[in-house]
Amino acid sequence: MDIGILCSHCKQTFEMPRWVIIQMYDAIMSYSPLPKEELELFKQLKGLKVIFDVGARDDTEYLELWPESEHHLFEPNPEFFEKLQEKVKGNVFANNFGLGEKEENKGYYSPLQGFLGSGNVPDNVTPDLVLPIQTLVKYVTDKGIETIDFLKIDTEGHDRKVILGAKGMWDKIRFIQYEHWGDPDNFNIRDLLASKFEMYNVGYRNVFCMNFKLVPEIERNELRTYILDNKLKDLA
């Protein structure tokens, strides 16, 4: 069966056999560490006590860099979550559900690792899974979490909905890093956060956000200089 794939660059849909998609994603995702530039920027951050990784897959680089911090990981895909659980220990909360704009059970297409209607997963694809979604605000309320130091989001085009579900916490998040799926998506997310965060492109489709109120100006200046000196904006 062929599946319509939406290209995030040219915005055109083309047909591709399902088996090709599965083989392609299996090859790409079987080993995909976080980009070096992303990790080097993460190393510049200070005082990270509470870290959220939304769309964690089975990556543990953040855990290794900040082992004493409190980590909250979110991975709805049961295959990745099983691998993630085998790797984590200590002060880690691993959650087998996604975050989004509202609480719901939503269709998920494993070969593209995304919820229907997100990124390159069209609404008309038949999902092979139906997975639970919570909002970030409900999660932190249930856990009694008052501040998030670093919120990383990489959810294959679902990032905007994660951010919308975190709206009540925007004033209490020091840093956000999200992935966008093209200029229109990036514009919509920037429009949401512009009044509260200073934002920079820091790699291919990644945007780094610093809270105006929670991150002191001297620290924002240092991070801005690092981003410019290392030409991270040029990688977008």
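Let me begin by describing the structure that accompanies this report. Nothing here was measured: the structure is a model prediction, and the numbers come from that model.

This next bit is on the overall build of the chain. Along its length, the chain carries eight helices and 13 strands. Within the chain, the proportion of its 236 residues that are buried is 51%. A separation of at least 24 residues holds for 58% of the contacts in the chain among residues at least 6 apart in sequence. About 11,700 Å² of surface is accessible on the chain, with carbon and sulfur atoms providing 50% of the total.

Here we come to the pairing of strand β3 (residues 50–54). When you tally the buried positions in β3, you get five out of five residues, the bulk of the element. A two-sided burial pattern is seen for β3, the buried positions comprising Val50, Phe52 and Val54 on one face and Ile51 and Asp53 on the other. Here β3 runs beside strand β4 (residues 70–74); their pairing, made up of five bridges, is parallel. What sits directly across from Val54, in β4, is Phe74. Here β3 runs beside strand β10 (residues 148–153); their pairing, made up of four bridges, is parallel.

The next subject is the sheet that holds strand β6 (residues 98–99). The mixed open sheet is built from four strands, whose spatial order is β6-β9-β7-β8. The sheet terminates laterally at β6 and β8 (114–115), the two strands that pair on one side only. Looking at chain direction, strand β7 (residues 104–109) and β8 are connected through two bridges and run antiparallel. By the bridge assignment for β8, Tyr109 is matched with Gly114.

Okay, unusual backbone geometry next. Positive phi is not limited to glycine here, since Gln113 has a value of about 50°. Structurally, the position occupied by Gln113 is in the loop between β7 and β8. The backbone of Glu156 shows a phi angle near 55°, a positive value even though the residue is not glycine. Tracing the backbone shows Glu156 in the loop between β10 and α6 (159–164).

Our focus in this paragraph is the sheet that holds β3. Ordered by their spatial adjacency, seven strands build an open sheet running β5-β4-β3-β10-β11-β13-β12, and the pairing between neighbours is mixed. Taken across any chain shown, the strands that pair with only one partner, and hence form the sheet edges, are β5 (92–95) and β12 (197–201). Here the strands of the sheet are splayed against their neighbours by 10° on average, with no regard to which way each runs.

Below, the discussion takes up helix α4 (residues 78–87). Three or more residues of α4 are buried, namely Phe80, Phe81 and Leu84. Down the axis of α4, the buried side of the element spans an arc of 100°, and every buried residue falls inside it. Exposed residues pointing more than 90 degrees away from the buried face of α4 are listed as Glu79, Glu82 and Glu86.

Turning our eyes to something else, we now look at the pairing of strand β13 (residues 206–211). In regular strands, side chains alternate between the two faces of the sheet. Within β13, six of the six residues are buried, which leaves it mostly tucked inside the rest of the structure. Side-chain alternation along β13 places Asn206, Phe208 and Met210 on one buried face and Val207, Cys209 and Asn211 on a second face that is also buried. Where strand β11 (residues 173–179) and β13 come together, five bridges link them in antiparallel fashion. Pairing of Phe175 across the sheet is with Met210, part of β13. In this structure, β12 lies alongside β13, joined through five bridges in antiparallel fashion. If you follow Glu198 over to β13, its bridge partner there is Met210. Joining the antiparallel neighbours β12 and β13 is a turn of four residues, in which Gly203 adopts a positive phi near 145°.

To continue, consider the nonpolar core. Judged by nonpolar contacts, the single largest core of 27 residues is most densely connected at Phe52, Leu136, Ile148, Leu151, Ile176, Tyr178 and Leu193. In this structure Ile176 touches Leu151, Ile153, Leu193, Phe197, Val207, Phe208 and Cys209, once residues within four positions along its chain are discounted. Judged by nonpolar contacts, the second largest core, of 18 residues, contains Phe42, Tyr62, Tyr200 and Val215.

Analysis parameters
Residues numbered from 1 in each chain as written. Predicted model: local features only at pLDDT ≥ 70, side-chain atom pairs only at ≥ 80, totals over all residues. Heavy atoms only, no water. Helix = DSSP H or I, 4+ residues; strand = E, 2+ residues; numbered from the N terminus. Buried < 20%, exposed > 50% of the residue type's maximum accessible area, 1.4 Å probe, protein only. Contact = heavy atoms within 4.5 Å. Areas by Shrake-Rupley, 256 points an atom, 1.4 Å probe, with all protein chains shown as cover. Pairing = 2+ DSSP bridges. Axes fitted to C-alpha atoms, helices over the stretch in contact; angles between N-to-C directions. Arc of directions from axis to C-beta. Core = buried A, V, L, I, M, F, W, Y, C linked by side-chain atoms within 4.5 Å.

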